Amino acid sequence: MSNARIIAMYLPQYHPIPENDKTWGKGFTEWTNVASAKPLFHGHYQPRIPADLGFYDLRLPIIREQQAEMARNAGVEGFMYWHYWFGNGKTLLEKPFEEVLHSGKPDFPFCLGWANHSWTVNAWRGDNGLNQNFNIRYIAKIEYPGKEDIINHFKYCLPAFLDKRYITVDGKPFFYIYAPDKYPNIAEFISLWNKLAQQNGLKGIHFVANVPEKTETWHRYIEMGFDAVNINNLTNAKTKAAGSKYIRKLKTLLSWYIPGLMLNKYDYGAIVNNMQNALCQQEYCYPTILPGFDRTPRAGRAAIILHNATPERFGKLVHDTISTIASKSYEHKIILLKSWNEWGEGNYMEPDIRYGDGFLKVLRNQIL
């Protein structure tokens, strides 16, 4: 048995869909941004080029099998596939997971994370987000039509919940909600889904709320009906890594003479030292580990960049996080890995041409 339950967030963006073709051009996928990224300062690791799997297409079963084998060997318990339900039955990027579900392959555990946010052209803008004077143009706008949609959404997910591969906590299917505060009445949603789950032979749903900022307010999500929260302490870690306000003022002055100094750039090592806090020790607080973060492919000079993310530094983060959760029962020793394949945000575990499978090896050494 491993000493932690690692659930890796998984992005299904790597295949063309009509909505992206219409907005960004024929054949657009996340690889379009990744391959065209440019370094913004000396020593900036861009572009990120995949190694073993290449610029893959998730419509290919062999790719999904190879990903699962890599993850299994590294000690990952399973993938959390991002699930895009926009209301009224509208889904996007659903094909890779639907093929996993209906084919029974790969035989590797999974769960779903509901990315309940709209898609806009602002996410991957031609001006890299520097010009904020624009009108929002939606690719797909999320809606919350009410009870009937809640029921239809559950029916869509039910075959996955009943699959023997589905990840459970306390005997309940694990279901993650990205933006719980965006839902008009999340308590109604949770209550109805738990009722529907029980009517279909399940104990209920293990609801997990994403809490990216103000982590000290995590109790209110439990009060809403969530069973647990995922703590992402990156915002607080960045504040601490940036230094005092006097240091920030000095950097502003020096930026006139040193171009690029005022990029949203942080040392990954300093971030690692501040990622975890006492909240992560709580039984129902699930911490986050990330092998890096660099949104340059999507946002250019407006990106947040964690510089010098290496396998060794990632290994320290994994070690510290495992130590933080050591006193929990095994069922709740859950760590969310952000992410398996978010290449456009620079947080991925898959081999690249610089580090090979280095991140996978250090994870395995710490977990198994």
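Notes on the structure in this doc start here. (Residues numbered from 1 in each chain as written. Predicted model: local features only at pLDDT ≥ 70, side-chain atom pairs only at ≥ 80, totals over all residues. Heavy atoms only, no water.)

### A closer look at the overall build of the protein chain
Point 1. Helix and strand counts for the protein chain come out as 13 helices and 17 strands.
Point 2. The proportion of buried residues among the 368 residues of the protein chain is 54%.
Point 3. A separation threshold of at least 6 residues defines the contact pool for the protein chain, and within that pool the share at least 24 residues apart is 74%.
Point 4. Carbon and sulfur atoms form 52% of the exposed surface of the protein chain, whose accessible area is close to 16400 Å². (Helix = DSSP H or I, 4+ residues; strand = E, 2+ residues; numbered from the N terminus. Buried < 20%, exposed > 50% of the residue type's maximum accessible area, 1.4 Å probe, protein only. Contact = heavy atoms within 4.5 Å. Areas by Shrake-Rupley, 256 points an atom, 1.4 Å probe, with all protein chains shown as cover.)

### A short note on the packing of helix α5 (residues 147-161) against helix α6 (residues 186-199)
Point 1. Packing of α5 against α6 leaves a shortest axis separation of 10 Å and a crossing angle of 50 degrees. Classified by the interaxial angle, the pair formed by α5 and α6 is oblique. Where α5 crosses over α6, the handedness of that crossing is right-handed. Where α5 abuts α6, its residues K147, I150, I151, H153, F154, C157 and F161 lie against E188, F189, L192, W193, L196 and A197.
Point 2. Among the residues making up the contact of α5 with α6, the classes are represented as ten nonpolar, one polar and two charged. (Axes fitted to C-alpha atoms, helices over the stretch in contact; angles between N-to-C directions. Parallel < 35°, antiparallel > 145°, perpendicular 65-115°, else oblique. Left-handed = near helix turned anticlockwise from the far one by under 90°. Nonpolar A, V, L, I, M, F, W, Y, C, P; charged D, E, K, R; others polar.)

### Description of helix α4 (residues 95-103)
Point 1. Buried within α4 we find P96, F97, E98, V100 and L101.
Point 2. The inward-facing, buried residues of α4 contact α3 (61-73), β2 (76-87), β4 (110-114) and α5.
Point 3. Downstream of α4 by a residue or two, G104 has a phi angle that is positive, lying close to 80 degrees.

### Regarding the sheet that holds strand β11 (residues 264-267)
Point 1. Here three strands make up an open sheet; going across it, the order is β11-β14-β13 and the pairing mixed. A single partner strand is all that each edge strand has here, and the edge strands are β11 and β13 (293-294).
Point 2. The pairing of β13 with strand β14 (residues 304-307) spans two bridges and is antiparallel. Residue pairing in the sheet places F293 in a bridge with L306 of β14. (Pairing = 2+ DSSP bridges.)

### Quick look at the packing of helix α12 (residues 311-324) against helix α13 (residues 358-367)
Point 1. Direction vectors running N to C along α12 and α13 enclose 25 degrees, while the axes themselves pass 9 Å from each other. As far as their axial angle goes, α13 and α12 are roughly parallel. The hand of the α12/α13 crossing is right-handed. The residues of α13 that touch α12, namely those facing P311, F314, G315, V318, H319 and I322, are G358, F359, V362, L363, Q366 and I367.
Point 2. Across the contact of α12 with α13, the residue classes tally to eight nonpolar, four polar and no charged.

### Some details on the environment of I167
Point 1. For I167, the position within the fold is in the loop between α5 and β7 (168-169).
Point 2. Not counting the four nearest positions on each side in its chain, I167 is found in contact with R5, I7, E77, G78, F79, P109, F110, C111, K172, P173 and F174.

### A closer look at α13
Point 1. Those residues of α13 that sit buried are G358, F359, L360, V362, L363 and I367.
Point 2. Its buried side turned inward, α13 meets β1 (5-10), α3, β2, β12 (285-289), α12 and β15 (334-337).

### Some points on the nonpolar core
Point 1. Residues F174, F175, F189, W193, F314 and L363 are the most contacted members of the largest nonpolar core, which totals 111 residues.
Point 2. Among the elements that line this core, the one with the most residues is β2, at eight residues.
Point 3. In this structure, F175 is in contact with H83, L112, W114, H153, C157, F161, Y166, W193, I205, H206, F207 and V208, ignoring residues within four places of it in sequence.
Point 4. By size, the runner-up hydrophobic cluster in this structure holds five residues, among which are F41, L263, A299 and I305. (Core = buried A, V, L, I, M, F, W, Y, C linked by side-chain atoms within 4.5 Å.)

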